[in-house]
Amino acid sequence: MEKVIVAMQDPDMGMKMRNQRLLITVIPHAMTGQDIIQWLIQKYNVSEEEALHLGMMLVRYGYIYPLKEPRSLVLRPDESPYRFQTPYFWTSTRWPATELDYAIYLAKKNIRKQGELMEYEKERYSVLHKRINHTWDFVVMQAREQLRASKQRRKADRIVLECQEQAYWLINRPPPGVPNVLDVGLERPNNFSLRAPLNSDYYKREIETCKRALGRNRVKSSICLEGFVKYSEQYQNHDPIMQGCLPSNPWISDDTALWTMNADVVPTPTRLRVERWSFSFMELLNDPMGRKEFMTYLEKEFSAENLCFWQACEDIRHGESSKIIEKVDEIYKNFLAPGAARWVNIDSKTMDKTLEGIKHPHRFVMDDAQMHIYFLMKKDSYPRYLKSDLYKNKLAKAIVPQETKKSVFPFMRRQRHSSPSPAQAASHTTENEGSVRGAGQAGANSAGGS
């Protein structure tokens, strides 16, 4: 279906997009349902019935969404306007539709429609309100912020974005009684055939699962608070608000030395920056300078392929979707294939699971292998790096910037002396006047004697 969509959007041989009128609003870059059917008939030489069925599948799977009746994912063979869905929302991306995102969508719709939600949406709204009540303030804040940003757009753009978002959630959170297209597909298991029978064995397994969940150890709140205190104490000297910025705060002093000293790669890092590398392994990896130093250490230990593999997996996770297949194939050739130049040591179970996932590559296909290598470096290479001369020398040579401007935060100001009382001020004035008069009389006497 995606190949059909790409062909339909071809600038030369694809569909001709034009402005479509929706009531009194002109929607740019849209097409009608009749245009879609006619293009499919001419392109694939099929009958009108087959073209209508194919177009219906494209709409049902969310690759095309309606603008006139956005609640119904149906292709109408008339002048009803439609638009192509953004590739970010395609079902093949397999982005998880989280409850938090769905709650923000319902809250935004509830505010915009003033409570006029569908019945099933009201039920789900109340359920989500109870389930994630601890973050509901964040949900409402995000909904209002998105509504505020949408008001700054043109009316046509607002309509397109609302229909686009509604089509996405109709697929990922279908109404009751509507089959979920994400459950059945070419690469998806059929839930109807895999559904477990509701017999006594099924309920016995459910009871055992619940018993194990109830007996699972929980972390006490006192231990959580103790960990929070330790974390705060550890990062206290590294907090620019509590301890101030060295050499100065660039936001109030026009001195950019702080940003220059803490650039991604510098000749000599600051001492605070090098100290943070010892706080946690992720703190080291998140710093480009720390990652470079750690790579130098691994090269001396002949295990630099572990970090290279981890970075390549991060590139797949956060890189472009169009290059995922190419990057997965490159990782397999360089790190996982038998006799690879930079072969990484992964257990057989993880390797089998990864090789099975490579057959249908996606953004998270290397997660298990990446996690295995991550813990291998964290438990083995990282502790030895902190004890190595390379890290100790880097820490000894690190610079400590000297303060050039005092902080102006209210709670870090010097205490000012209080103003004197009116009585004290009056007494000081009297003493000053008396001293001035005495000096004047002494001057007059000395003049008369001369």
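This write-up is about the structure you can find in this document.

1. Things to note about the packing of aromatic side chains
Throughout the structure, instances matching the rule amount to 18 aromatic pairs. Consider the rings of tyrosine 125 and tryptophan 136, whose centres lie 5.4 Å apart with planes at 75°: the pair is edge-to-face. Of the two residues, tyrosine 125 is situated in helix H5 (residues 119–131) and tryptophan 136 in helix H6 (residues 136–150); the sequence distance between them amounts to 11 residues. This pair shows no difference in class: tyrosine 125 is buried, exactly as tryptophan 136 is. Among the aromatic side chains, those forming a connected cluster through ring pairs are Phe281, Phe294, Tyr297, Tyr374, Phe375, Tyr382, Tyr385 and Tyr391.

2. Comments concerning the nonpolar core
Inside soluble globular proteins, nonpolar side chains tend to come together where they are buried. Phe294, Phe309, Leu336 and Met366 are the most contacted members of the largest nonpolar core, which totals 38 residues. Those elements that provide at least two residues to this core are helix H15 (281–286), helix H16 (288–300), helix H17 (304–318), helix H18 (324–336), helix H19 (348–358), helix H20 (367–387) and helix H21 (389–397). If you tally residues by element for this core, the top one is H17, at 8 residues.

3. What about the sheet that holds strand E2 (residues 25–32)?
What holds strands together in a sheet is hydrogen bonding between their backbones, with the strands either parallel or antiparallel. With antiparallel pairing, the 4 strands of this open sheet are ordered in space as E1-E2-E4-E3. Taken across any chain shown, the strands that pair with only one partner, and hence form the sheet edges, are strand E1 (18–22) and strand E3 (64–66). Pairwise comparison of adjacent strand axes, ignoring direction, gives a mean angle of 55° for this sheet. Bridging between E3 and strand E4 (residues 81–84) involves 3 bridges; their strand directions are antiparallel.

How each quantity is defined
Residues numbered from 1 in each chain as written. Predicted model: local features only at pLDDT ≥ 70, side-chain atom pairs only at ≥ 80, totals over all residues. Heavy atoms only, no water. Phe/Tyr/Trp six-rings, centres within 6.5 Å; stacked < 30°, edge-to-face > 60°. Helix = DSSP H or I, 4+ residues; strand = E, 2+ residues; numbered from the N terminus. Buried < 20%, exposed > 50% of the residue type's maximum accessible area, 1.4 Å probe, protein only. Core = buried A, V, L, I, M, F, W, Y, C linked by side-chain atoms within 4.5 Å. Pairing = 2+ DSSP bridges. Axes fitted to C-alpha atoms, helices over the stretch in contact; angles between N-to-C directions.

Honestly, it's all geometry; don't read function into it.
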